[in-house]
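# Structural overview
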Amino acid sequence: METRNVLPADVRRELAAALQPILAEAIDLERQAKQAHWNVKGPGFYGRHKVFDELHELAEDWIDLVAERIAQLGHLTEGTLQRAAELTRLPEFPLGLTSERDNLEQLAKALSAFTAHTREVLKKSEELGDPITADILTEVTRGAEKYLWFVEAHLG
Ligand SMILES: [Fe+2]
């Protein structure tokens, strides 16, 4: 799409393409967090229920940051649930997980995979000379790694 953004068109195209799966995975993570929030059971219910809802809220921020960066780069965002399901590479959240440990382990695995992918695109942004996309991915990765720490601390 037409834009007055000063980055070269090929750089914008490459970055937007790399950001689509990150958007998909942020949507996946946001849904996984709510799935855990609704279904977790156990003596530590309230703390888990709350921490999973905080992750859902953070992931909503990441979705918007990444989706709007794709738009700023002059490309269409692919932000539907159907497209997210096609593009995500996160481990699938199995329906029926209820134990605290299983929910925490699932979210730890999903967060870890997510940060591996955000770090890859962060590196690509730096290599392509776009510190703004790199900054957005730094913010997203920083938040995701902090939450990975929270989730792992709950695991003990
Ligand atoms: Fe709720």
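Note that the structure is a prediction, hence the values are computed from the model and not measured.

How each quantity is defined
Residues numbered from 1 in each chain as written. Predicted model: local features only at pLDDT ≥ 70, side-chain atom pairs only at ≥ 80, totals over all residues. Heavy atoms only, no water. 1 Å grid on protein atoms, 1.4 Å probe; cavity = no way out; pocket = protein on both sides within 12 Å on 5 of 7 lines; lining within 4 Å. Points joined across faces, edges and corners; volume = space filled by probe spheres on them. Nonpolar A, V, L, I, M, F, W, Y, C, P; charged D, E, K, R; others polar. Helix = DSSP H or I, 4+ residues; strand = E, 2+ residues; numbered from the N terminus. Contact = heavy atoms within 4.5 Å. Core = buried A, V, L, I, M, F, W, Y, C linked by side-chain atoms within 4.5 Å. Buried < 20%, exposed > 50% of the residue type's maximum accessible area, 1.4 Å probe, protein only. UniProt positions renumbered as here; feature names shortened; annotations may be inferred. Expected span 1.5 Å × (residues − 1). Axes fitted to C-alpha atoms, helices over the stretch in contact; angles between N-to-C directions. Parallel < 35°, antiparallel > 145°, perpendicular 65-115°, else oblique. Left-handed = near helix turned anticlockwise from the far one by under 90°.

### Regarding the layout of surface pockets
Volume-wise, the largest pocket comes out at about 170 Å³. Looking at the lining of the largest pocket residue by residue, the classes come out as 2 nonpolar, 2 polar and 3 charged.

### Describing the environment of H56
Relative to the helices and strands, H56 resides in helix α2 (residues 45–72). For the pair H56 and Q35, spaced 21 residues apart in sequence, the C-alpha separation works out to 9.6 Å. Apart from residues no more than four positions distant in its own chain, H56 is found in contact with E30, A33 and K34.

### Regarding the nonpolar core
If you look at the biggest cluster of nonpolar residues, it comprises 47 residues, and the most contacted ones within it are W62, L111 and F114. Among the secondary structure elements, those contributing two or more residues to this core are α1 (9–39), α2, α3 (81–87), α4 (100–127) and α5 (131–155). The element that contributes the greatest number of residues to this core is α1, accounting for 13 residues. Residues in contact with F114, not counting those within four places in the same chain, are I22, E25, A26, L29, W62, L90, V140 and A144.

### A closer look at the UniProt feature "domain: Ferritin/DPS" (unreviewed entry) in the protein
UniProt's feature table lists "domain: Ferritin/DPS" (unreviewed entry) at residues 17–156, given in the numbering used throughout. The annotated region residues 17–156 carries 79% helix and 0% strand content, and the separation between its end C-alpha atoms amounts to 38 Å.

### A short note on α4
A rise of 1.5 Å per residue sets the reference length of α4, with its 28 residues, at 40 Å; its end C-alpha atoms lie 40 Å apart and thus fit the reference within 8%. A positive phi of about 80° marks G129, the residue just after α4.

### Remarks on the packing of α4 against α5
The N-to-C vectors of α4 and α5 enclose an angle of 160°; their axes lie 9 Å apart at closest approach. Here α4 is positioned roughly antiparallel relative to α5, judged by the angle of their axes. As α4 packs across α5, the resulting crossing turns out to be left-handed. Here the residues of the contact of α4 with α5 are counted per class, giving 14 nonpolar, 8 polar and 6 charged.

### With respect to α1
Over its 31 residues, α1 runs 45 Å from end to end, which matches the ideal 45 Å to within 8%, given 1.5 Å per residue. Within α1, 23 of the 31 residues are buried, leaving the element largely enclosed by the surrounding structure.

### Notes on the packing of α1 against α4
Close contact between α1 and α4 brings their axes to 10 Å; oriented N to C, the two are set at 165°. Overall, the two elements α1 and α4 adopt an arrangement that is roughly antiparallel. Once α1 is placed against α4, the crossing between them reads as left-handed. The residues of α4 that touch α1, namely those facing E14, L15, A18, L19, I22, E25, A26, L29, Q32, A33 and A36, are N103, Q106, L107, A110, L111, F114, H117, T118, V121, K124 and S125. Tallied by class, the residues present in the contact of α1 with α4 amount to 13 nonpolar, 6 polar and 3 charged.

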